[in-house]
Amino acid sequence: MNNETIERYGDELYEALLARRVVAPLLEREPQIRVEDAYRIQQRMVARRVAAGERVVGKKIGVTSKPVQDFLGVYEPDFGQLTSGMARSEAEGVDLGALIQPKAEAELAFVLERDLVGPGVTAADVIRATAYVSPCFEIVDSRIRDWKIKIQDTVADNASCGVYLIGEAKAHPRQLDVALAGMVLEKNGELHSTGVGAAVQGSPVHAVAWLANTLGALGLPFRAGEVILSGSQSALVPVTDGDELVCTIGGLGTCRARFHGRSAL
């Protein structure tokens, strides 16, 4: 795929983000698109956000569970880039008015205190480089019509990044077994689902190591202070005005997300 086409699709996705509208799946229009092309489109989309004043503050890991991999026809995770404009807090909640067709997922966030440079990064390296982990919500949001995505579509669309919210609870990963720690997700006071860290590539630490090595091979290190969302431990949860989600990770604590406003779809 030539540079002109890459830029055209990256610009289209960025403009869809701003206008809160959806576009036709890229794979329908470009049947020969490769995952490598999709990452170049993602880079163009994110570059437009940076040019508009945002900063890249971390990464997210997606497609970590086998059911999702089977659905998308791919058997390794993908990644997207987190920008400063995506961060939300428990106090402010999430304004759905900035989103299109949002769904929430609960996971574990890693915040680094040291650089993490692959390839060759191990799980032990990840633990040593981590300042703390916290429960969090990622609110994914596709610019692709009806969430009709394959791996090329979601990668190009910055791994369907919407916004994210990190809870105030913190612990060092040496203080708990993140693979075995159970997760309970409640929606509006009722149990919605349960999960465990081992559902994410055997452990969220392994997922972070995979991404550090994948990016390192591309000459892209993790830097101290960056946030890494390690992959969903819950099913996707549709959210609307007035909803409240609470994620509790055993031995760590909770993250609470309140939603207000109305999404575009």
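Placed above this text is the structure.
Each chain carries its own residue numbering, running from 1 in the direction its sequence is written. Given that this is a predicted model, residues contribute local features only at a pLDDT of at least 70 and side-chain atom pairs are listed and counted only at 80 or more, while totals for whole chains, interfaces and linings are drawn from all residues. With hydrogens and water set aside, each side-chain value is computed from the structure's full complement of heavy atoms.

The next subject is the overall build of the chain. Strands are runs of DSSP state E lasting at least two residues, helices are runs of H or I lasting at least four, and both sets are numbered from the N terminus onward. Within the chain, the regular secondary structure consists of seven helices and 13 strands. We take the radius of gyration over the C-alpha atoms and set the globule estimate at 2.2 Å times the residue count to the 0.38 power. At 17 Å, the chain has a C-alpha radius of gyration in line with the 18 Å of a compact globule built from 265 residues. Taken along its principal axes, the extent of the C-alpha atoms in the chain is 50 × 45 × 35 Å. Across the 265 residues in the chain, those meeting the buried criterion constitute 54%. When checking whether two residues touch, look at their non-hydrogen atoms; a contact exists if any pair is within 4.5 Å. Expressed as a percentage of contacts within the chain between residues at least 6 apart in sequence, the contacts between residues at least 24 apart total 76%. Exposure classes here rest on a 1.4 Å probe applied to the protein chains alone. A residue is buried below 20% of its type maximum, exposed above 50%, and partly exposed in between.

A separate point is the packing of helix H1 (residues 3-19) against helix H3 (residues 35-51). For any two helices packed against each other, one specifies the inter-axial angle together with the distance between the axes. Orientation of H1 relative to H3, taken along the N-to-C sense of each, is 50 degrees, at an axis distance of 8 Å. The angle between H1 and H3 falls in the class oblique. For the element pair H1 and H3, the recorded crossing hand is right-handed. The residues of H3 that touch H1, namely those facing Asn3, Ile6, Glu7, Tyr9, Gly10, Asp11, Leu13, Tyr14, Glu15 and Leu17, are Asp37, Arg40, Ile41, Arg44, Met45, Arg48 and Arg49. Here the contact of H1 with H3 is built from residues that sort into seven nonpolar, two polar and eight charged. Helix axes are fitted to C-alpha atoms over the stretch in contact, other axes to C-alpha atoms as well, and angles between N-to-C directions run from 0 to 180 degrees. Here roughly perpendicular refers to angles of 65 to 115 degrees, roughly parallel to angles under 35, roughly antiparallel to angles over 145, and oblique to all remaining angles. Crossing handedness is defined as follows: a turn of the near helix away from the far one that is anticlockwise and smaller than a right angle gives a left-handed crossing, while the clockwise case is right-handed. Lys, Arg, Asp and Glu make up the charged group, whereas Ala, Val, Leu, Ile, Met, Phe, Trp, Tyr, Cys and Pro make up the nonpolar group; the residues left over, Gly among them, are polar.

Turning next to the sheet that holds strand E9 (residues 190-196). Working definition: the strands of a sheet are paired by backbone hydrogen bonds and lie parallel or antiparallel to each other. Two strands qualify as a pair provided DSSP detects at least 2 bridges between them. Spatially, five strands are ordered E4-E13-E12-E8-E9 in an open sheet, and the strand pairing comes out mixed. Of all strands in the sheet, those with a lone pairing partner are strand E4 (94-95) and E9, marking the two edges. Two elements, E4 and strand E13 (residues 253-260), share two bridges in a ladder whose sense is parallel. Bridging across to E13, aspartate 95 finds its partner in histidine 260.

Inspection of the sheet shows strand E3 (residues 87-88) paired to strand E7 (residues 163-166) by two bridges, in the parallel sense. Paired with arginine 88 across the bridge in E7 is leucine 165. Sheet analysis places strand E6 (residues 130-141) next to E7, joined by four bridges and oriented antiparallel. For phenylalanine 137, the partnering residue across the bridge sits in E7 and is leucine 165.

All right, on to empty space enclosed by the protein then. Cavities and pockets were defined on a 1 Å grid built over protein atoms only: a cavity is a set of grid points that admits a 1.4 Å probe from which the probe cannot escape, a pocket is an open set flanked by protein on both sides within 12 Å along at least five of seven lines, and lining residues are those with an atom within 4 Å of any such point. Grid points are joined across faces, edges and corners, and a volume is the space filled by probe spheres set on the points. Enumeration over the complete set of coordinates arrives at one cavity of 30 Å³ or more. Approximately 30 Å³ is the volume attributed to the largest cavity. Residue lining of the largest cavity: Leu108, Leu176, Val178, Ala181, Gln233 and Ile249, and that is the complete set. A class-by-class count of the residues in the lining of the largest cavity yields five nonpolar, one polar and no charged.

Next up on the list: the environment of cysteine 161. In this fold, cysteine 161 is placed in the loop between helix H6 (151-156) and E7. For the pair cysteine 161 and alanine 51, spaced 110 residues apart in the sequence, the C-alpha separation amounts to 18 Å. Leaving out residues up to four positions away in the same chain, cysteine 161 has contacts with Lys60, Gly80, Gln81, Leu82, Met86, Glu138, Ile139, Asp141 and Arg143.

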